[in-house]
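Observations on the model geometry
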Amino acid sequence: MSAPLPSDPATDPSFSDMLETRPSLKMDARDGLLFEGVPLHVIAAAVGTPCWITGAETLRRRAKALRAAFEARNLPVNMHFAMKSQDHQATLTILRQCGYGVDIVSGGEMQRALHAGISPSGIVFSGVGKSDAELRAAIEHDIAQINVESVEELYRLDDIARACGRVARAALRVNPDVDADTHDKISTGRAGDKFGIEHRRAVALYDEAASLKNVRLVGLAVHLGSQMLTAGPFREGYSRLADMVREIRAAGHTVEAVDCGGGLGIRYRDEIAPSPDMLAGVIAETLGDLDVRLSIEPGRWLSAPTGILLTRVIETKAGNPDFVVLDAAMNDLARPSLYESWHGIMPVAPSGLTNPTKLWDIVGPVCESSDIFARDRALPADTKRGDLIALLDTGAYGSVMSSNYNSRPFAAQVLIDNGKWEIIRQRQSVAELIAAETVPEWLTAKDDHG
Ligand SMILES: Cc1ncc(COP(=O)(O)O)c(C=O)c1O
Ligand SMILES: N[C@@H](CCCC[NH3+])C(=O)O
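Just so it is clear, the model here is predicted, and its values are computed rather than measured.

The geometry of helix 9 (residues 231-250) relative to helix 10 (residues 276-287) is characterised by a closest axis approach of 9 Å and an angle of 25° between their N-to-C directions. Taken together, the axes of helix 9 and helix 10 are roughly parallel relative to one another. Like other packed secondary-structure pairs, helix 9 and helix 10 cross with a definite hand, here right-handed. From helix 9, Ala231, Phe234, Arg235, Tyr238, Ser239, Leu241 and Ala242 reach across to helix 10, where they touch Met278, Leu279, Val282, Ile283, Thr286 and Leu287. Grouping the amino acids of the contact of helix 9 with helix 10 by side-chain chemistry returns 10 nonpolar, two polar and one charged.

Before going further, it helps to examine the sheet that holds strand 1 (residues 25-28). Taken in spatial order, the three strands line up as 1-2-3 in an open sheet, and their pairing is antiparallel. The strands lining the two open edges of the sheet, one partner per strand, are strand 1 and strand 3 (38-39). The pairing of strand 2 (residues 32-35) with strand 3 spans two bridges and is classified as antiparallel. Note that in strand 3 the partner of Leu34 across the bridge is Pro39.

In the vicinity of ligand 1 there are 16 residues, among which Ala82, Ser226, Gly262, Gly299 and Arg300 approach most closely. Among the residues forming the shell around ligand 1, the class breakdown is four nonpolar, nine polar and three charged.

This brings us to the site of ligand 2. For ligand 2, the full set of nearby residues is Lys84, Ile186, Thr188, Ser226, Gln227, Arg335, Tyr339 and Tyr397. Its residues placed into classes, the shell around ligand 2 shows three nonpolar, three polar and two charged. Among the domains, domain 1 (15-55 + 304-434) and domain 2 (56-303) are the pair contributing at least three residues each to the shell around ligand 2.

A few words now on the domain arrangement of the protein. Considered domain by domain, the protein is made up of domain 1 (15-55 + 304-434) and domain 2 (56-303). Between the C-alpha centres of domain 1 and domain 2 the distance comes to 32 Å. Every contact between the two is made by 26 residues of domain 1 and, on the other side, 22 residues of domain 2. Secondary-structure elements contributing two or more residues to the side of domain 1 that touches domain 2 are strand 4 (51-55), helix 12 (335-339), strand 20 (412-417) and strand 21 (420-425). If you tally residues by element for the side of domain 1 that touches domain 2, the top one is strand 20, at four residues. Classifying every residue of the side of domain 1 that touches domain 2 gives 11 nonpolar, 11 polar and four charged.

Reading the values: the criteria
- Residues numbered from 1 in each chain as written.
- Chains lettered and ligands numbered in written order.
- Predicted model: local features only at pLDDT ≥ 70, side-chain atom pairs only at ≥ 80, totals over all residues.
- Axes fitted to C-alpha atoms, helices over the stretch in contact; angles between N-to-C directions.
- Helix = DSSP H or I, 4+ residues; strand = E, 2+ residues; numbered from the N terminus.
- Parallel < 35°, antiparallel > 145°, perpendicular 65-115°, else oblique.
- Left-handed = near helix turned anticlockwise from the far one by under 90°.
- Contact = placed C-beta atoms within 7 Å.
- Nonpolar A, V, L, I, M, F, W, Y, C, P; charged D, E, K, R; others polar.
- Pairing = 2+ DSSP bridges.
- Near = placed C-beta within 6 Å.
- Domains from an automatic or database assignment.

Here's what the structure looks like:
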């Protein structure tokens, strides 16, 4: 389980601990909190708040480190970034330049990936409910692999590929019935979870699929869950996958590819985060001798530490508890309200590190009781209206999960790269929200006639 609210002041990391474990963050005696060397107060003054900030160098560093872990073992693995975690064109461009492809889960993500110049040969399409139009587009763009999640989808894919006059390359996404030992809402590989095909049916399905003329099964795919922190469930899931490969081969079929999914967790609070080397080791140990094309689909591990949500205090509210009301809310960062997840919350001002702290409930302005970022969390005792506050590790499942609830426009986004920074998504305006709506004429006509 991920760390639940409320925070535990006795074990929460201090601001110094947070800085120590995040190489992209520094506290400068004059400029306050810096992300990749850029003072956050400068960005806030120019762009306003709330504002998402992405660090390009942090992303490159992590992309290289993940790849290096596999290279160190001489284990060739194709990297498909799970772009559901962060789908900005700039992020995709950086990862493309690092040699990454993507894992997509919708036609929208397909369009975004192609627009960012990602080759169809580097795209894998997962997802439990792909529409006919999405499957058709995947076939027409000749994307590398469609991970089929049900028997029904396999037959539908065959029909659609036939209508397109093509043969689709597909993998069976199996549900291995393994508990990823993570938050219930981000587990995907247990029997009863909606994802994948029951693993016991994989061999029979391979037999059946042999008769399909317009689908070629290239292998198996699995994704166990997200924010996984220990080797055990990876080992269990991949061992099961290896057994399946052997069984399918024993039945006379070819298995060329195994897609290991994502799931590698990070340290948000005080978790002992697994290293890429652990993942590479488990994959080498369980699947390394199968002579298959291996791939992984990491999302969070790559993107979470590349992001900050920069926000300003609208108000402090004295009472029991004392509240800090930020200008960011659950519509911006949904994770705390959805999963009770813990994010580091740091003052941006230099004095934040040294001033005495007290415990606050840190909330957003949205009209929901669950719009809480943290309970009982230490912030400077003199925190006041106008202060800047940074929410850490929000690069994954942050901006991508934002909504317009309470008519709150999407926040602006900024990219920092080697000391330079630029707005990479303008703040949405309320005018844009209204402009997308129409009122039927027959309704406005009533204004005239009472
Ligand atoms: C099929 C698939 N692949 C990859 C991922 C990425 O997971 P994570 O961000 O935990 O690496 C997910 C999300 O859980 C997923 O559903
Ligand atoms: N949105 C989740 C992860 C979901 C992974 C998708 N299968 C989170 O923020 O932790």
